[in-house]
Amino acid sequence: MRRGRFTGYWLMLPAGLWLALFFVIPFYSLLATSLFDPKGSVLTGYDVDYRFANFVDALDEFWEPLFRSLWYAAAATAICLVLGYVLAYAIAFKAGRWRNLLLVLVIAPFFTSFLVRTLSWKLILADDGFVVDTLQFLHVLGDDGRLLATPVAVIAGLVYNFLPFMVLPLYASLEKIDGRLIEAASDLYASPTRGFLKVTLPLSKPGVVAGTLLTFIPAAGDYINAALLGSPNQRMVGNVIQNLFTSTGDYATAGALSVILMAIIVAMVMVYIRTAGTEELV
Amino acid sequence: TPDRKQDPASCRTRDLSSSDKRLVVSNWPGYIDEDDGDYTSTLTEFEKKTGIKVSYTADVNDNLEFFAKVVNQLGSCQSSKRDMFVLTDWMAARMIQVGWIQPLDKAKVPNVHANLIDSLQHVGWDPDRTYSAPWQSGLTGIAYNKSKVKEVRSFEELLTRSDLRGRISLLTEMRDTMGLIMLTEGADPANFDQDDWDNAIDRLRKARNDGQVRAFTGNDYIQDLSAGNILACEAWSGDVAAAEDENLVFVSPEEGQMIWSDNMLVPNLASHQGNAEEWINYYYEPEVAAKLAAYVWYICPVKGAQEAMEKVDPSLVDNQLIFPSAESLKTMHSFMALEEFQIRAYEGDFADVIGG
Amino acid sequence: MNGVQRAGRWIGEHLVLAAGLLVLVYMFVPIAVVMLMSFNDNSKSRNVYAFRDFTWSNWANPCRPDGMCSAVVRSIEIGLLATLVATLLGTLAAFALVRHDFVGRSVANTVIFLPMASPEIVMGSSLLALFVAGGFGGRLGFWTIFIAHVMFCLSFVIVTVKARLSGLDENLEQAAMDLYASEWTTFWRVTFPLVFPGIAAAALLSFSLSFDDFIITNLNAGQTVTFPMFVWGVAQRGIPMQVNVVGTVMFLISLFLVLTNMLLTRRRAAAS
Amino acid sequence: MSLAADNGRSLRLTALTKEFATFTAVRSLDLEVPAGSFFALLGPSGCGKTTTLRMVAGLEVPTSGTIHLGDDEITYEKPYRRPVNTVFQNYALFPHLDIHENVAFGLRRRKVKDVDQQVKEMLALVELESQASKKPPQMSGGQQQRVALARALINRPEVLLLDEPLGALDLKLRRSMQIELKRIQTEVGLTFVHVTHDQEEAMTMADTIAVMNGGVIEQMGSPAELYENPRTTFVANFLGQSNLVAGTVASADGDVVRVDMHGIQVSIPAERAHTRAGDGWVGIRPEKVLIAPAGEPIDAPGNHMTGGIITDVSFVGVSTQYLVMMPWGQELMSFEQNTGRRAVLEKGTKVDVSWRPEFAFLLPASQDVNAGVIEEA
Amino acid sequence: MSLAADNGRSLRLTALTKEFATFTAVRSLDLEVPAGSFFALLGPSGCGKTTTLRMVAGLEVPTSGTIHLGDDEITYEKPYRRPVNTVFQNYALFPHLDIHENVAFGLRRRKVKDVDQQVKEMLALVELESQASKKPPQMSGGQQQRVALARALINRPEVLLLDEPLGALDLKLRRSMQIELKRIQTEVGLTFVHVTHDQEEAMTMADTIAVMNGGVIEQMGSPAELYENPRTTFVANFLGQSNLVAGTVASADGDVVRVDMHGIQVSIPAERAHTRAGDGWVGIRPEKVLIAPAGEPIDAPGNHMTGGIITDVSFVGVSTQYLVMMPWGQELMSFEQNTGRRAVLEKGTKVDVSWRPEFAFLLPASQDVNAGVIEEA
Ligand SMILES: Nc1ncnc2c1ncn2[C@@H]1O[C@H](COP(=O)(O)OP(=O)(O)OP(=O)(O)O)[C@@H](O)[C@H]1O
Ligand SMILES: Nc1ncnc2c1ncn2[C@@H]1O[C@H](COP(=O)(O)OP(=O)(O)OP(=O)(O)O)[C@@H](O)[C@H]1O
Ligand SMILES: NCCCCNCCCN
Ligand SMILES: [Mg+2]
Ligand SMILES: [Mg+2]
């Protein structure tokens, strides 16, 4: 900690101002939007009407995609956790001098646009594509079975797209674990499995918490995967909000739905962090 | 939020056409011919003839989506960065009504008034074609992939056949989709009441919930159809032919089909209105119109084009998709004109089904 | 130890690594497809979901699709500018948070975490709501995208630089002061070079996030088209294969930059 | 409280070898550690101590050779199946578990009953009953060290391995922990194998010391044996300090080897003469080298030498260390207790030097006179 | 090579105090360090050594008091404007600069010419010429330590501060670095202020030692002075070890104080008696306590006591440390050089004990007999 009583404020000021102006205030703006009179339209304009019923209406009408978003996101997060853990663990403990290279490979896909990659999944999972044919041949899928336009494809897309956000924090916390602790566990009669469960896993908890949050939250708000890989029956809340804002122009409901989504997520995150017992995030 | 109505008389800019030979056009995909080997497109010929450099983008996929793209600009008298876009009747009507569209200079588009087919000359929302000129008309029906599925004859089949389950798509254009469903349900899209509507929307919801519908699309259905992800779908008449895939077939459903026109519009603050008018006038020359129609396979709104087609491609002179006969016109339905409040209610119902 | 035991041990030791690599392979399948499709000749068909014929022409004429290259350029411009600003502001803030104790520090820490904890659709739409309410609805475009990108990159920059900075031994700065370096010189000669890898990582992350963003951008872009928006647009009318060329090139460039950097540092370390 | 298994078994390493990719860390090592002994493994950094311990613990697989506990071979046994526990150099306490759970860890893994009671008793042994619910990072170095010990001891291993458990402590604390450790070993009666590179620590604590160098054992024996009769220059220099003076064997009969050392005849008892012909190093420990101002009598009848000059004086309270330049140009170290009988001598004083021949030892000249003297490169 | 400024100035701390939020780390400290001396600041962990040094370096602002260099006050001078340099405890070498640039850092900041030549010379002084292009993390601890020293020395500071520069090294290496450091100080002739909590280090290296405890200086003087005549129990126990035996002053005249100690009369020279009436602690260093099997003569005329029994024997090669239980129930420490004149005595042997009265010292009974004896809580 330094002397210079005001330096801290000066340094914080530009970023703080930026976030206040373009993150905090917009959020208020959104709150206001969510209380618009829904009788307005994009053409005629909207009035702030403090219409709290918007929330009820939005929930009533869109509880299904909302719920679906949460469950897809949860499923995707769980799968990401398993896959991400394996990868992060392998990089942290087994990759030796290839560690840095593998880490680079984890973020490299970011540079091939998110959309391009998701479209490429559409090609891979196509009804007449190789993957579906193989699965049909193996009788994992029925003869008219398919992957696209099913929850499987949407969740797979979410898993794929948010995996790096799981791997990186997991890696960061695994890498900090002192290898001798694991040896100490095996010295104290813990089989590799027990050692993992009793030492490695608990010690990587900060990474698990940060990773699950960084995966779950964006996944719950995503709509690209549902739009490209799903069908109308897999619509997520993001699709609804996006549609309401753009096509339908129903700002009031869109705002209300956004606020609801945000509230649910904040609540879940708080409960989660409390139970996971990690205060210091990321 | 502010009111989005504008006055086209005040919300306009100086026309740069004479000094700045450029033109920015937004249109639907697959709606124009393209250079290919020896073939020179109408657009290239236009450029050659006039010296105007056309920047043509096929970024209209869906009327509402396009509306959303420009609402913030046009609604606050800002430039949409385009000199012309092509929208379907009802959307054109709406934009003209809120004052976002510039009137065309009659003197500069003589061909429109001379050659526009009679049936389109006096539409309710633009009685004198002051603001708009049809680009093409078209039909909404069914397309299917004949190599993968047996013939689909009716919309009913599309909505119910189990071998099509999860392999069909419908259009996000409310008037097309709801129109065809109403026909299936025995209602008249040109004149329906709330019950008819409710019936139809239930029908749609059911199809969706049953998993019959794989997607609601704009013009993008054609890729999925070609790729085999979709076996049959609601489709616009010209697209199938333009796709150049012999397995794809367009059918007029037994219940009837929807007819519509897409209209060229010059938005407020367009800086090349003169060039846009030159473009409109050019495409109303029968030879040009015939050449275009031969390529896109949509209904040609230009008188004399049928005759001109003799020279372009004689086999198409009697093509019902391009030059429908009087009796086939009778099987075609258009969608009732809606008041703004109806639009919002119906679009809202429809959006809830397709988007939620 | 006999052969079987040896083999068993070997497999046991490499099983996790193999599984990890498999996950990595999963991450690269779509990229392989992108690369493959960049050589696809689909001029004969509307089907953009199948490999037809091999061609170099997509690579020979990468800018053929109207507006694609200008969208790529736009994305790079926004990416660079947003990265520059976000990295600058974020680094300052990270210094404030690690090195200075001030009232409101914990509030600041929370506010910084929030953008990472907000769904993009919410951030994008609230920003749009603000712009529209503020009368900027008609002026959406380059600058509104830039503002949004700086906003969501900031948090990631701050977190990344903070991590590096808190690992920095404060003794080093004191040593520099002890050796006649003023505060300013200390910063430029000692603190900055040592924190630089963190700043570089943050900048790289910023750029990738900005370049890749669609949801927030799409809502706030007005008539400006970035590369992801271009892709979204063309996805609806048949993707031109050149999009895959861009995807491949961006991927290879990033890989090349990072790898050469890695090799250089390794070689430099080995040389001395 | 005696934890020793009744059937205390000795630990036996036979031809144990560990080769890493580019480096042989342990080279055909043979070692027998008797049950119940406090055994110290002493050697410079990098000599292979940790590697040896890790092989015994099962954390490293030997390249060849065997490890036996009594009659059972455990060479390839999994670490978690060996009755062997380790106290790691930096303790390796589990930071997420409190002290109680750290100590209970091994018992819980083996599904032992009555864990809590045993943990309490063990914490009492290391005098940490009151700290049971603290987390390791909240404890001082010395406390952590005791937790690590308790965590290993509670499993009643047949062999307890300690890898420089005191290395990280400061000097004073280190001495007090040495006493503690010795007390506990005496109390529980287990076999301790204790790795250190602090020779004083090894000497005060161990029953047996093995001095290791470059992957092999140089010499093994009781502390006094090793100190008084080192067999190699390395041991002579590494375990304490030695004056090594060049000489030539003049004659060797049954009991005594006579050496000519710069013109002076010195006689070395046969059991301390590790060469019997040719050149050699005459070794003598600094505390055996007595000095007095020239001409004054010295209470060490034997090899009396004149002509020394004090070149360095270093006062450390209990004692003073002198360097004396001998006529043949070599500096000898002399250690002198500050009994106060005589004032500390000053630099430049002319002195006579003497030592009793029975304390000298003789090493072959072929050995490096500087082996085991630590110098930084 | 002499770096000392011709006008070597002494460092003077006057009533220096540092209060942290909740804690007074340094309490009205007065200290004068003569120019050119090797000054050691010795004290237990947390006593305020580092804080004092940091105030001198300008890295911490004193709460009150002043710091002078000769006649100039530098109390509030910026660190980079003081002719004072520091060798940090963990060296604080710049990891991104090579050795050459690390050493050149201070000169470059002051825009000195001819930097490269000076750096070369300095690296030669610390024997690291060949390592100039390495980065710090590639060097061993001992080498890093020398770089840190070179980096500070090259600036020819008037005062060089060393904060436990050897704390992280292992024992053997530490001894060799001590010699190195002393050599360099002698060679360059600068004022060194050296912080340590290793008393042996302080004694062998310093001209003057200040023993610090709880933020104040307990005693200051030459190593021999402090060792032989400690003024407090803390110094007696912290600097080496002491036997402190309870006694009562029987009489005190000019030269000598007579004390009754468990029925035995001991006479203590007046200059070593720090109380002249009432109860007190009679202190005697273990190397002054001579023992012999009961009845045998002891070469220490003076306080001869009988009836001791050896309770612990600890052999460390050069010497043996005995604990002798005295008839009054106290264990005395006795240190004996292993001259070999007599075999090491065994535990249980009955012994007589003696010391010369002139070596004893007397401390007030009010002082804590255990102050400075490190025990882990
Ligand atoms: N995994 C490994 N790969 C290659 N070499 C290794 C490995 N582990 C240890 N070594 C080498 O083997 C030698 C012996 O190492 P070891 O750790 O046993 O030494 P040590 O005697 O314990 O030293 P210290 O006193 O420093 O702890 C060293 O030279 C070390 O560099
Ligand atoms: N910034 C600070 N704030 C509060 N207390 C402090 C601060 N710095 C040091 N102290 C306290 O002041 C006391 C003296 O600390 P100092 O570091 O000077 O001790 P030291 O003698 O150098 O100890 P050591 O031998 O462990 O290095 C300690 O009790 C320490 O906890
Ligand atoms: N490929 C061109 C398709 C044009 C479709 N226009 C939309 C009509 C909506 N009823
Ligand atoms: Mg070791
Ligand atoms: Mg300190």
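This is a predicted model, so every value here is computed, not measured. (Residues numbered from 1 in each chain as written. Chains lettered and ligands numbered in written order. Predicted model: local features only at pLDDT ≥ 70, side-chain atom pairs only at ≥ 80, totals over all residues. Heavy atoms only, no water.)

### Observations regarding the overall build of chain D
Looking only at helices and strands, chain D features eight helices and 20 strands. Over its C-alpha atoms, taken along the principal directions, chain D stretches across nearly 75 × 45 × 40 Å. Across the 377 residues that make up chain D, the buried fraction comes to 56%. Expressed as a percentage of contacts within chain D between residues at least 6 apart in sequence, the contacts between residues at least 24 apart total 66%. (Helix = DSSP H or I, 4+ residues; strand = E, 2+ residues; numbered from the N terminus. Buried < 20%, exposed > 50% of the residue type's maximum accessible area, 1.4 Å probe, protein only. Contact = heavy atoms within 4.5 Å.)

### Here's the deal with the interface of chain C and chain A
Counting residues at the interface gives 91 residues for chain C and 80 residues for chain A. Where chain C abuts chain A, roughly 7,700 Å² becomes buried across the two surfaces, and 80% of that area is made up of carbon and sulfur atoms. Looking at the side of chain C facing chain A, the largest losses of area belong to C:Tyr26, C:Met27 and C:Tyr49, adding up to 9% of the total buried there. Here chain C and chain A share one salt bridge between them. A:Arg117 is the salt-bridge partner of C:Asp212, the closest N and O atoms lying 3.6 Å from each other. The tally of links from chain C across to chain A stands at nine residue pairs in polar contact (both at pLDDT 80 or more). The element best represented in the side of chain C that touches chain A is helix H1 (residues 3-37) of chain C, accounting for 17 residues. (Buried area = accessible area lost by both parts, 1.4 Å probe. Salt bridge = Lys/Arg side-chain N within 4 Å of Asp/Glu carboxyl O. Polar contact = N/O pair within 3.5 Å; in protein donor to acceptor, adjacent residues only side chain to side chain.)

### Digging into the site of ligand 1
All names here are of chain D. In the vicinity of ligand 1 there are 13 residues, among which Ser 45, Gly 46, Lys 49, Thr 50 and Thr 51 approach most closely. Between ligand 1 and Gly 48, the relevant distance is 3.0 Å, taken from an oxygen atom to a main-chain nitrogen or oxygen of the residue. In this structure, Lys 49 approaches ligand 1 through a side-chain N or O atom, which is 2.8 Å from an oxygen atom. Taken by itself ligand 1 offers 640 Å² of open surface, and the protein chains cover 62% of this. (Near = heavy atom within 4 Å. Areas by Shrake-Rupley, 256 points an atom, 1.4 Å probe, with all protein chains shown as cover.)

### Some thoughts on a negative patch on the surface
Negative charge collects at one region of the surface, where B:Glu34, B:Asp35, B:Asp36, B:Asp38 and B:Glu244 lie side by side. Positionally, B:Glu34 belongs in the loop between strand E1 (22-26) and helix H1 (42-50). (Patch = residues over 30% accessible without salt bridge, like charges linked within 9 Å, V, L, I, M, F, W, Y side chains within 5 Å. Lys, Arg positive; Asp, Glu negative; His and termini not counted. Charge placed at Lys NZ, Arg CZ, Asp CG, Glu CD.)

### A short note on helix H6 (residues 174-184) of chain B
All names here are of chain B. Most of H6 sits out of view: eleven of its eleven residues are buried. Of the residues making up H6, those classed as buried are Met 174, Arg 175, Asp 176, Thr 177, Met 178, Gly 179, Leu 180, Ile 181, Met 182, Leu 183 and Thr 184. Where H6 terminates, the next one or two residues include Gly 186, which has phi positive at roughly 85°.

### Section: the domain arrangement of chain D
Domains assigned within chain D are domain 1 (11-228) and domain 2 (241-364). Computed from C-alpha atoms alone, the centre-to-centre distance between domain 1 of chain D and domain 2 of chain D is 39 Å. (Domains from an automatic or database assignment.)

### Some words on the relation of the copies chain E and chain D
Overlaying chain E with chain D gives an RMSD of 0.2 Å, the required rotation being 180° about an axis along which the chain moves by 0.0 Å. A rotation of that kind, with that shift, is consistent with a two-fold axis. For chain E, the minimum C-alpha distance to the rotation axis belongs to E:Gln337 and amounts to 2.9 Å. Both copies present the same face, since 100% of the interface residues in chain E are matched by interface residues at the equivalent positions in chain D. (Least-squares fit on C-alpha atoms with pLDDT ≥ 70 in both.)

### Here we look at the packing of aromatic side chains
Enumeration over the complete set of coordinates arrives at 60 aromatic pairs over all chains. Ring geometry for A:Trp121 against A:Tyr160: centres 5.4 Å apart, planes inclined by 75°, an arrangement best described as edge-to-face. Taken as a pair, A:Trp121 in helix H4 (residues 114-124) and A:Tyr160 in helix H6 (residues 151-175) lie far apart in primary sequence, 39 residues in all. Each ring, one from B:Tyr56 and one from B:Trp279, has its centre 6.4 Å from the other, and the planes form 35°; the classification is tilted. (Phe/Tyr/Trp six-rings, centres within 6.5 Å; stacked < 30°, edge-to-face > 60°.)

### Quick word on unusual backbone geometry
Residues and elements named next belong to chain D. The backbone phi angle of Asp 114 is positive, close to 65°, even though this residue is not glycine. With respect to the helices and strands, the residue Asp 114 is situated in the loop between helix H2 (99-109) and helix H3 (115-125). In this structure, Arg 156 takes a positive phi of about 45° despite not being glycine. On the basis of relative accessible area, Arg 156 is assigned to the partly exposed category, the value being 40%.

### Remarks on the environment of E:Thr349
Counting through the fold element by element, E:Thr349 comes out in the loop between strand E18 (331-337) and strand E19 (350-355). For the pair E:Thr349 and E:Pro293, spaced 56 residues apart in the sequence, the C-alpha separation amounts to 6.9 Å.

### Thoughts on the packing of helix H2 (residues 63-74) of chain B against helix H3 (residues 89-97) of chain B
Residue and element names in this part refer to chain B. At a minimum axis distance of 10 Å, the contact between H2 and H3 shows a crossing angle of 25°. Classified by the interaxial angle, the pair formed by H2 and H3 is roughly parallel. Handedness of the H2/H3 crossing: right-handed. Along its contact with H2, which presents Asn 63, Leu 64, Phe 67 and Val 70, the element H3 presents Trp 90, Met 91, Arg 94 and Met 95. In terms of residue class, the contact of H2 with H3 is made up of six nonpolar, one polar and one charged. (Axes fitted to C-alpha atoms, helices over the stretch in contact; angles between N-to-C directions. Parallel < 35°, antiparallel > 145°, perpendicular 65-115°, else oblique. Left-handed = near helix turned anticlockwise from the far one by under 90°. Nonpolar A, V, L, I, M, F, W, Y, C, P; charged D, E, K, R; others polar.)

### What to know about the sheet that holds strand E20 (residues 361-364) of chain E
Residue and element names in this part refer to chain E. Across the sheet, five strands lie side by side as E13-E12-E11-E14-E20; this open sheet has antiparallel pairing. For this open sheet the edge positions go to strand E13 (264-269) and E20, each flanked by a neighbour on one side alone. Along the sheet, successive strands turn relative to each other by an average axial angle of 45°, direction set aside. Relative to E20, strand E14 (residues 279-284) runs antiparallel, the two being bridged by four bridges. Residue pairing in the sheet places Val 282 in a bridge with Leu 362 of E20. (Pairing = 2+ DSSP bridges.)

### Focus: empty space enclosed by the protein
Evaluation of the coordinates by the stated rule reveals 14 cavities of 30 Å³ or more. In this model, the largest cavity occupies a volume close to 430 Å³. Surrounding the largest cavity, 25 residues form its lining, A:Phe162, A:Phe165, A:Pro218, C:Glu120 and C:Leu209 being those nearest its centre. Grouping the amino acids of the lining of the largest cavity by side-chain chemistry returns 16 nonpolar, four polar and five charged. (1 Å grid on protein atoms, 1.4 Å probe; cavity = no way out; pocket = protein on both sides within 12 Å on 5 of 7 lines; lining within 4 Å. Points joined across faces, edges and corners; volume = space filled by probe spheres on them.)

### Things to note about the state of the cysteines
In total, this model carries two disulfides over all chains according to the counting rule given. Put simply, B:Cys11 and B:Cys77 are joined by a disulfide, and their sulfur atoms are 2.0 Å apart. On the sign convention where negative is left-handed, the bridge of B:Cys11 and B:Cys77, at about 115° about the S-S bond, is right-handed. Here B:Cys11 is found in the segment before E1, whereas its partner B:Cys77 is found in the loop between H2 and strand E3 (84-88), with 66 residues between them in sequence. Residue classification places B:Cys11 among the buried positions, given a relative accessible area of 2%. B:Cys77 sits in the partly exposed class, given a relative accessible area of 27%. C:Cys63 shares a disulfide with C:Cys69; S-S distance 1.9 Å. Between C:Cys63 and C:Cys69, the S-S dihedral sits near -95°, and the bridge is therefore left-handed. Overall, the relative accessible area of 47% leaves C:Cys63 in the partly exposed class. (Disulfide = S-S within 2.5 Å.)

### What to know about the site of ligand 2
Residues and elements named next belong to chain E. Near ligand 2, the surroundings consist of Phe 20, Phe 23, Ala 25, Ser 45, Gly 46, Cys 47, Gly 48, Lys 49, Thr 50, Thr 51, Glu 164 and His 197. In the model, an oxygen atom of ligand 2 is placed 2.5 Å from a nitrogen or oxygen of the Ser 45 side chain. Separating an oxygen atom of ligand 2 from a side-chain N or O atom of Glu 164 is a distance of 3.3 Å. Taken by itself ligand 2 offers 630 Å² of open surface, and the protein chains cover 62% of this. Mapped by element, the contributors of at least two residues to the shell around ligand 2 are strand E2 (23-33) and helix H1 (49-57). Top contributing element to the shell around ligand 2 by residue count: H1, with three residues. Residue classes in the shell around ligand 2 are distributed as four nonpolar, six polar and two charged.

### Topic: the domain arrangement of chain C
All names here are of chain C. Taken domain by domain, chain C consists of domain 1 (3-38) and domain 2 (67-271). With six residues of domain 1 in contact, the opposing surface of domain 2 contributes seven residues. On inspection of domain 1 and its partner domain 2, the count reaches zero salt bridges. In the side of domain 1 that touches domain 2, the residues fall into five nonpolar, one polar and no charged.

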